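Notes for the structure review
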Amino acid sequence: MKEQIEAIQNEALAQISAAADERTLDDARVAVLGKKGTLTLVAAGIKDVPKEDKAAVGQLLNAARTVITAALEEKQIALREIADRAALVGIDVTLPARQISVGSLHPLTLIRDEAIRILRRMGFALADGPEIEDEFHCFDALNTPADHPARNEKDTFYFDSGKLLRTHTSSVQIRTMETQTPPIRIICPGSAYRRDEIDATHLSVFSQLEGLYVGENVSLPDLKGTLEYFLRELFGTSTEVRFRPHFFPFTEPSFEIDVKLTVKGEAPKWIEIAGCGMVDPAVFEAINKSRKDNAFDPEKVTGFAFGMGLDRLAMIRWGIKDIRLLIENDARFLKQFA
């Protein structure tokens, strides 16, 4: 058996030395050390060796296995070094490396996060709600009559079930008041959907940020101070802000808010940026009816609400001329924010 082991070892070393690639080398390993390998079969026959010779034969088997394993490892390292050198042929390692692109948050995410940070510092909490809504939460509870244009199928996306894609995040305000009691101070960022013709200033899907504050003695000066502070924190302390009387079904009085936009080389101009107002008592009455209590008694609590498009904020903040750039995923545009 001694001669047999030596012959197996010599043959294995010759095969390993002649191996030209890792596949051939692995074939040599299996042929010798595999389950049916030559050295494995010899080792299985050690049970038939006389007792006095077993120790010597066992030592020979272990020594052969050690030599063959070491030769396999050495050859594998050599083959990999050859492959690595071959892979570098024709490559000039002295050339400068390619620049690694750095990613960035989307401009809408940047403006949303900054707006949230400002309002959170003022005590507003985040609230969320479903994007597929019913008419009560999207219109009825917000004092929007059945013949209001916003409820027309030409303006709103309806499902066959009667559900609809929310046209504003005001529905989150209603759902929050249904489950919480005053004082409430929340902001509701999220997507809204309207059947608008897509052009440089309109999208059918846009990002909105709305806010609501309800409590005792909440006043119009509170609303004005909150929004002036917010807009000046967002666009700079010298930003000019104006409030224009307007009409919304769910607030009374109501206002639209403009900021004066100053672009280098152009005359300053006022840009509409948000809508706001004091919560109409009819909204509180609808909430009480839904809750089946009088937690939002219009004689005891008041509140203000506001809403703005995050897309519009981003356009003003960075001087973006076309709102469609925000959804086209053009890397040439987006890399400016990296």
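Residues numbered from 1 in each chain as written. Predicted model: local features only at pLDDT ≥ 70, side-chain atom pairs only at ≥ 80, totals over all residues. Heavy atoms only, no water.

1. Looking at a nonpolar patch on the surface
There is a patch of nonpolar side chains on the surface, built from Leu88, Ile91 and Val93 and spanning about 300 Å² of accessible area. Summarising the element assignment, Leu88 is placed in the loop between α4 (51-87) and α5 (107-121). (Patch = residues over 30% accessible without salt bridge, like charges linked within 9 Å, V, L, I, M, F, W, Y side chains within 5 Å. Areas by Shrake-Rupley, 256 points an atom, 1.4 Å probe, with all protein chains shown as cover. Salt bridge = Lys/Arg side-chain N within 4 Å of Asp/Glu carboxyl O. Helix = DSSP H or I, 4+ residues; strand = E, 2+ residues; numbered from the N terminus.)

2. Examining the layout of surface pockets
There is about 1100 Å³ of room inside the largest pocket. Surrounding the largest pocket, 45 residues form its lining, Arg194, Phe206, Gln208, Phe248 and Glu272 being those nearest its centre. With 7 residues, the single largest contributor to the lining of the largest pocket is strand β8 (residues 269-279). Class assignment for the residues of the lining of the largest pocket results in 21 nonpolar, 16 polar and 8 charged. The space that makes up the second largest pocket amounts to roughly 240 Å³. Lining the second largest pocket are 12 residues, with Leu261, Lys269, Ile271, Met315 and Ile320 positioned closest to its centre. For the lining of the second largest pocket, the secondary-structure elements that each account for two or more residues are β8 and α10 (310-318). Among the elements that make up the lining of the second largest pocket, the one with the highest residue count is α10 (3 residues). In the lining of the second largest pocket, the residues fall into 6 nonpolar, 2 polar and 4 charged. (1 Å grid on protein atoms, 1.4 Å probe; cavity = no way out; pocket = protein on both sides within 12 Å on 5 of 7 lines; lining within 4 Å. Points joined across faces, edges and corners; volume = space filled by probe spheres on them. Nonpolar A, V, L, I, M, F, W, Y, C, P; charged D, E, K, R; others polar.)

3. Some points on the side chain of Ser204
In this structure, Ser204 sits in the loop between β4 (184-193) and β5 (205-215). With relative accessibility at 18%, the residue Ser204 sits in the buried group. Contacts of Ser204, omitting those with residues within four sequence positions, involve Phe157, Ala192, Tyr193, Arg194, Asp196 and Ile198. (Buried < 20%, exposed > 50% of the residue type's maximum accessible area, 1.4 Å probe, protein only. Contact = heavy atoms within 4.5 Å.)

4. Let's talk about unusual backbone geometry
Here the bond from Pro182 into Pro183 is cis, since omega is 0°, no more than 30 degrees from zero. Topologically, Pro183 is positioned in the loop between α7 (170-179) and β4. The omega angle of the peptide bond from Glu252 to Pro253 is 0°, so this bond is cis rather than trans. Mapping Pro253 onto the fold places it in strand β7 (residues 251-261). The phi dihedral of Asn217 falls on the positive side, at around 65°, and the residue is not glycine.

5. Here we look at helix α8 (residues 220-235)
Between its first and last C-alpha, α8 extends 22 Å over 16 residues, near the 22 Å set by a 1.5 Å rise per residue. Those residues of α8 hidden inside the fold are in contact with α5, β6 (241-248), β7, β8, β9 (302-309) and α10. Once α8 finishes, Gly236 follows within two positions and takes phi at roughly 120°, a positive value. (Expected span 1.5 Å × (residues − 1).)

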